[in-house]
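# Residue-level structure breakdown
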Amino acid sequence: MQRPLPPEEYRLKETSPHLGGGGVAGDKLTSTYDLVEQMHYLYVRVVKARDLPAKDLTGSCDPFVEVKLGNYKGTTRYFEKKTNPEWNQVFAFSKDRLQSSMIEVMVKDKDLVKDDIIGRVIFDLNEVPKRVPPDSPLAPQWYRLEDRKGDKVKGELMLAVWMGTQADEAFPEAWHADAAAVHGEGLANIRSKVYLSPKLWYVRVNVIEAQDLQPSDKGRYPEVFVKGILGNQALRTRISPSRNTNPMWNEDFMFVVAEPFEEHLILSVEDRVGPNKDEVLGKCVIPLQNVERRLDYKPVNTRWYNLEKHIVVEGEKKKDTKFASRIHLRICLDGGYHVLDESTHYSSDLRPTAKQLWKPSIGVLELGILNAQGLLPMKTKDGRGTTDAYCVAKYGQKWVRTRTIIDNFMPKWNEQYTWEVFDPCTVITIGVFDNCHLQGDKASGAKDARIGKVRIRLSTLEADRVYTHSYPLLVLHPSGVKKMGELQLAVRFTCSSLVNMMHIYSQPLLPKMHYLHPLSVTQLDSLRHQATQIVSMRLSRAEPPLRKEVVDYMLDMDSHIWSMRRSKANFFRIMSVLSGLIAVGRWFDQICHWKNSLTTILIHILFLILVLYPELILPTIFLYLFLIGIWYFRWRSRQPPYMDARLSHAETVHPDELDEEFDTFPTSRPSDIVRMRYDRLRSVAGRIQTVVGDLATQGERLQNLLSWRDPRATALFVTFCLIAAIVLYVTPFSVVALLTGFYLLRHPRFRHKLPSAPLNFFRRLPARTDSLL
């Protein structure tokens, strides 16, 4: 079924930017910045000064440097009473902002009333040299200071002045004339940065038994359980069925922890002495640095730990060491799993925690963040709307953040980043945000507002091709879907070995441990929530911080919340998949009713041939699939997937459904009964929504076997169909049927716990989940 096209404003648009400063788009020889447009800057590096004269009455000097170009001026910090100061600061002036043919560098003396000029150095812009990396940086030189008349005065200034591009090493740390309004702490919040997610581990705690517990009330059977606390995660066992002082549990806890390990694991054995009243019988604190790490499911050694009990003597906590109770545990850091911190539909990394299990990389992903257009005002400043936009991109453990472009609805970043690729069936996410921290962290209540998000699945990209598109930035508000602007990107996926990449399609999507010893869906949901909390907390502690609201949006933290709109979108996705079967049914009905006599007669002849020669049935089916795949090649998609407002049912959503989607959880409805029923409905429907979405995903993967959405996967499948058609043609049908039957009925000894290669291939096929808002 052909879907209607979305409105023009919501569509992906192909662009033809001038990449690499004149090189042909995709020519890797132009420069390391060949996926972005070159931006030219005038750089001034102010290093130090010497022998500055004293200007104050006290006979001292408080020097600073002012770099002035037309109406733009940047200043260094000043030093108190220092005649040989060192600044080592870089100033960058965009070529678009060069309003003067001369640049003036003045050394001034800080004064309460008016700053005195010590001297200056003037440069003619026509004389400034150009620097093209990988040339070495320009060496700074000493310049004698001059007064207003051009006469030499006492003191010298060490400077370097050159013309360069954003590929210059000085670019990220430079003071930019474009951001002249930002001072102090705010400067750190507008620079481009690279962040790394912390390395996450699953901690498995097997609580076996305890011995020699000493409850305070000896006259009753103790009801003992174990509580485990790690950071803000708390889990507990059931109450031990053996009601004595040597209880047994044999239960597992699973926690998420990040390196470096900051918190200790605290296990406490507690006795339920009354309703909502527990008595602590003993605690043990286990540092995670000492815990064994394992790569597979081989059992680790058990250990007995002493349980410490604290007693209060005269208001002071003291350790009771008369008699030690003990607890029997098996603890390990499970390195064979991949700790999910992203939604599985949009995962950018599927590798296990332990580095020893990593496969070699299969390629490189390069992303050029060019510009945005038509951004909407996100906040009000001095009575007018303004936007201070920056981008964040996440792939694998590496997050990148572009610099913030101040007060601009058409910002140009032109920054390029690179990632290693270990699996092509992964997704890169790029988000655009409005910076609300230009004054540092003083406005603690302010949050960076989301402008929109783009997801690109690598398997939908042809290798070595540069994709330049303008993506619509769509955000759902309580009032409906809104286009916030467009983001222009250049993307290239370079494959180092086609054979290795094709081999990956036969491999399991997740590490082996997920299939050999799977975790439950509920457990995975809980662990993913903890993992995202840890990643969010660690990145928000970086300098400058990558804030919680940004990380939550990039990791799709709210994807599990019930939404009538999403459920409708998933239902219609299933209907779209089933429409093919419905069409076949209608076609067959038309044949039965002789709507077209010629077609019906041909079908009768084909039916007779297949009945008389049954060995032709399977070759005919595979040959037919092969021909369909080749036929669809003409209409294969040439564009990466993008946020589709129509597919997400964001355009036609009812206001009442939006009110429900943006309602708080639990609901803010006044009636207690309505709240209870409403929350229960949302909780159940959220699970149904996920199941419906998964069914739609499987159907879409079937469709995409022949759609060329993933060109490599379809090429593999079409080739397989051709080979299967030939093999089945020359092999007697009875032999094929016999081998198939024996294979399906094989003994469990010959079955493997890992998924088969065809199943792994199927799970790696793309679906329309990438395009859902």
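That block above? That's the structure.
Right, let's walk through the structure included here. (Residues numbered from 1 in each chain as written. Predicted model: local features only at pLDDT ≥ 70, side-chain atom pairs only at ≥ 80, totals over all residues. Heavy atoms only, no water.)

### Side note on the overall build of the protein chain
If you tally the helices and strands in the protein chain, you get twelve helices and 30 strands. For the protein chain, the proportion of its 773 residues judged to be buried stands at 47%. Within the protein chain, contacts between residues at least 6 apart in sequence are counted, and of these 72% link residues at least 24 apart. As displayed, the protein chain offers around 39,700 Å² of accessible surface, 57% of which is attributable to carbon and sulfur atoms. (Helix = DSSP H or I, 4+ residues; strand = E, 2+ residues; numbered from the N terminus. Buried < 20%, exposed > 50% of the residue type's maximum accessible area, 1.4 Å probe, protein only. Contact = heavy atoms within 4.5 Å. Areas by Shrake-Rupley, 256 points an atom, 1.4 Å probe, with all protein chains shown as cover.)

### Re the nonpolar core
If you look at the biggest cluster of nonpolar residues, it comprises 63 residues, and the most contacted ones within it are Trp399, Leu487 and Leu489. With residues up to four places along the chain from it excluded, the contact list for Leu487 reads Ile369, Asn371, Ala372, Cys391, Trp413, Ile430, Val432, Val454, His469, Ser470, Tyr471 and Leu473. Counting 35 residues, the second largest nonpolar core, distinct from the first, contains Trp87, Phe91, Val128 and Ala177. (Core = buried A, V, L, I, M, F, W, Y, C linked by side-chain atoms within 4.5 Å.)

### Details of helix α5 (residues 564-592)
The end-to-end C-alpha separation of α5 is 40 Å, in line with the 42 Å expected for 29 residues at 1.5 Å each. Its maximal kink placed at Leu578, α5 deviates by approximately 35°. Turning to α5, its buried residues are Arg565, Arg566, Ser567, Ala569, Asn570, Arg573, Ile574, Ser576, Val577, Ser579 and Ile591. (Expected span 1.5 Å × (residues − 1). Bend = angle between axes of the 7 residues up to and from the residue.)

### Topic: the pattern of salt bridges
One side chain can pair with another of opposite charge once the charged atoms of both are near each other. Evaluated as defined, the whole model comprises 39 salt bridges. For Arg293, the salt bridge is made with Glu259, and the minimal N-O distance between the two is 3.3 Å. With Arg293 in strand β18 (residues 293-294) and Glu259 in the loop between β15 (248-258) and β16 (265-274), this pair connects stretches of sequence that are 34 residues apart. On the accessibility criterion, Glu259 (24% relative accessible area) is partly exposed. Ionic contacts of the salt-bridge type, sharing partners, join the residues Arg204, Asp252, Arg294 and Asp334 into one network. (Salt bridge = Lys/Arg side-chain N within 4 Å of Asp/Glu carboxyl O.)

### Overview of a nonpolar patch on the surface
A cluster of nonpolar side chains, contributed by Trp594, Leu598, Ile601, Leu602, Ile605, Leu608, Ile609, Leu612 and Tyr613, occupies part of the molecular surface with about 940 Å² of accessible area. Note that Trp594 resides in the loop between α5 and α6 (597-612). Relative accessible area serves as the criterion here: at 45%, Trp594 is assigned to the partly exposed category. (Patch = residues over 30% accessible without salt bridge, like charges linked within 9 Å, V, L, I, M, F, W, Y side chains within 5 Å.)

### Section: the sheet that holds strand β21 (residues 363-373)
Pairing is antiparallel in the open sheet, where five strands are placed in the order β1-β29-β30-β21-β26. What marks the edges here is a single partner per strand, and that holds for β1 (13-14) and β26 (412-421). The sheet contact formed by β21 and strand β30 (residues 480-495) spans ten bridges and is antiparallel. When the bridges of β30 are listed, Gly368 appears paired with Ala490. (Pairing = 2+ DSSP bridges.)

### Here we look at the sheet that holds strand β28 (residues 449-457)
Strand order in the open sheet formed by five strands is β11-β25-β24-β27-β28, and the pairing between neighbours is antiparallel. Sheet topology places β11 (193-196) and β28 at the edges, where each strand pairs with a single neighbour. Shown here is a sheet whose adjacent strand axes are inclined to one another by a mean of 20°, direction ignored. In the sheet, strand β24 (residues 389-395) pairs with strand β25 (residues 398-401) via four bridges, with the strands oriented antiparallel. (Axes fitted to C-alpha atoms, helices over the stretch in contact; angles between N-to-C directions.)

### Here we look at helix α10 (residues 711-730)
For α10, spanning 20 residues, the distance from its first C-alpha to its last is 29 Å, which sits close to the expected 28 Å at 1.5 Å a residue. Within α10, burial applies to Pro711, Arg712, Ala713, Thr714, Phe717, Val718, Cys721, Ala724, Ala725 and Leu728.

### Quick word on the side chain of Arg764
If you trace the backbone, Arg764 turns up in the segment after α12 (757-763). A distance of 2.9 Å separates a polar side-chain atom of Arg764 from the backbone oxygen of Ile504. Residues within four places of Arg764 in sequence aside, it is in contact with Asp423, Cys425, Ile504, Tyr505, Gln507, Pro508, Leu509 and Asp710. (Polar contact = N/O pair within 3.5 Å; in protein donor to acceptor, adjacent residues only side chain to side chain.)

### A closer look at the pairing of strand β12 (residues 200-211)
The buried fraction of β12 is high, at eleven of twelve residues. Relative to β15, β12 is paired through nine bridges, and the arrangement is antiparallel. Of the residues in β15, the one forming a bridge with Asn206 is Asp252.

### As for the packing of helix α7 (residues 617-632) against α10
The N-to-C vectors of α7 and α10 enclose an angle of 155°; their axes lie 8 Å apart at closest approach. Considering the angle they form, α7 stands roughly antiparallel to α10. Of the two elements, α7 crosses α10, and the hand of that crossing is left-handed. Together, Leu618, Pro619, Phe622, Leu623, Leu625, Phe626, Gly629 and Ile630 of α7 and Val718, Phe720, Cys721, Leu722, Ala724, Ala725, Leu728 and Tyr729 of α10 make up the contact between the two elements. Here the residues of the contact of α7 with α10 sort into 15 nonpolar, one polar and no charged. (Parallel < 35°, antiparallel > 145°, perpendicular 65-115°, else oblique. Left-handed = near helix turned anticlockwise from the far one by under 90°. Nonpolar A, V, L, I, M, F, W, Y, C, P; charged D, E, K, R; others polar.)

### Some details on the environment of Leu288
Counting through the fold element by element, Leu288 comes out in the loop between β17 (277-286) and β18. Among all residues touching Leu288, those that are not within four sequence positions of it are Val203, Leu230, Val257, Phe261, Glu263, His264, Leu265 and Leu333.

### Structural notes on the side chain of Thr237
Turning to its location among the elements, Thr237 is positioned in the loop between β14 (233-236) and β15. Contact partners of Thr237, with chain neighbours within four places excluded, come to Val207, Phe225, Val226, Trp249, Glu251 and Phe253.

### Overview of unusual backbone geometry
A cis amide bond links Glu259 with the next residue in sequence, Pro260, at an omega value of -10°. Mapped onto the elements of the fold, Pro260 is located in the loop between β15 and β16. Residue Pro544 is reached from Glu543 by a cis peptide bond, and omega for that bond is 0°. Mapped onto the elements, Pro544 comes out in the loop between α3 (521-540) and α4 (548-554). Residue Asp556 is not a glycine yet carries a positive backbone phi of 55°. Residue placement: Asp556 occurs in the loop between α4 and α5.

### Examining the environment of Ala372
If you trace the backbone, Ala372 turns up in strand β21. For Ala372, a relative accessible area of 1% gives the class buried. The spacing of Ala372 and Tyr471 is 99 residues in sequence and 9.2 Å in space, taken between C-alpha atoms. With sequence-adjacent residues up to four places away left out, Ala372 is seen in contact with Phe409, Met410, Pro411, Trp413, Glu486 and Leu487.

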